[in-house]
Amino acid sequence: MIGQQQVYDRLASLGIEFDYLEHPEAPTIEIARQYWKGFAGTHCKNLFFRNHKGNKHYLVIVHCDQALDIHSLEKVLGEGKLSFASPERMMKYLGLKPGSVSPFGLVNDQNKEVIVFLDDNLLNASRLSFHPNDNRASLSIALDDFKKYMDSTGNHYEWRHLY
């Protein structure tokens, strides 16, 4: 299977089953959308930010169709000025390259430094879909299993109304 082995190992250790879809490289939602036909799950947009000082990093997860205004997000989160994190920071904190951002990247955050904000509208989904840290595949897991995975990461996370 395509993706980081740590992801599959973590899911197996938690007893989490998933649906797997292999597809051509899909670094954007627009490209990925053409491969998702018939693949069950609410597909998510995953954005990696840093604060103004560069000493805090955030993974923000929303429905794939949701437009997100950074200035509005700054007000909702109350974490100060945000900007997209560089590819170097993405690799350092999540072990990922641009176009493959996923909450599964938290398996690589050894120091539990990334703070995760999830839009609470996703709580209405029965299944969520993410890349397994490689944008040539997608995994779909049950919402309750995703919560179990998030609890296992050790990272701080919050469900918030983001828009």
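What you see is a predicted model, and the numbers here were worked out from it, not measured in a lab.

K.L.:
Any chance you could explain the side chain of Ser-140 here in plain terms?
P.N.:
Inspection of the secondary structure puts Ser-140 in strand 7 (residues 137-142). Taking the relative accessible area as the measure of exposure, Ser-140 reaches 0% and is therefore buried. A polar contact of 2.6 Å, which involves the side chain of Ser-140, links it to the backbone oxygen of Ala-40. Look past the residues within four positions of Ser-140 in its chain and what remains in contact with it is Phe-18, Asp-19, Phe-39, Ala-40, Gly-41, Arg-127, Leu-128 and Ser-129.

K.L.:
Even after reading the chapter, I still don't get the pairing of strand 5 (residues 114-119), so can you show me in this structure?
P.N.:
On a regular strand, one side chain projects to one face of the sheet and the next to the other, so that they alternate. Among the 6 residues in strand 5, 6 count as buried, and that is most of the element. A two-sided burial pattern is seen for strand 5, the buried positions comprising Val-114, Val-116 and Leu-118 on one face and Ile-115, Phe-117 and Asp-119 on the other. Taken together, the 5 bridges between strand 3 (residues 57-63) and strand 5 define a ladder with parallel strand orientation. Residue pairing across strands places Tyr-58 opposite Ile-115, the latter belonging to strand 5.

Definitions and cut-offs
- For every chain, the first residue of the written sequence is number 1, and numbering continues from 1 onward in sequence order.
- Thresholds applied to this predicted model are a pLDDT of at least 70 for local features of residues and 80 or more for the giving and counting of side-chain atom pairs; totals over whole chains, interfaces and linings are not thresholded and use all residues.
- Side-chain calculation: all heavy atoms of the structure are included, whereas hydrogens and water are not.
- Each helix is a run of H or I in the DSSP string that is no shorter than four residues. Each strand is a run of E no shorter than two, and both are numbered from the N terminus.
- Note on exposure labels: buried denotes an accessible area under 20% of the residue type's maximum, exposed denotes more than 50%, and partly exposed covers the range between, all computed with a 1.4 Å probe on protein chains only.
- We define a polar contact as two N or O atoms separated by no more than 3.5 Å, with the added condition that, inside protein, one atom must be a possible hydrogen donor and the other a possible acceptor, whereas residues neighbouring each other in sequence contribute only through side-chain atom pairs.
- For this analysis, residues touch if any pair of their heavy atoms sits within 4.5 Å.
- Should DSSP find at least two bridges between two strands, the strands are regarded as paired.

Such coordinate-based values are descriptive only and should not be taken to indicate function.
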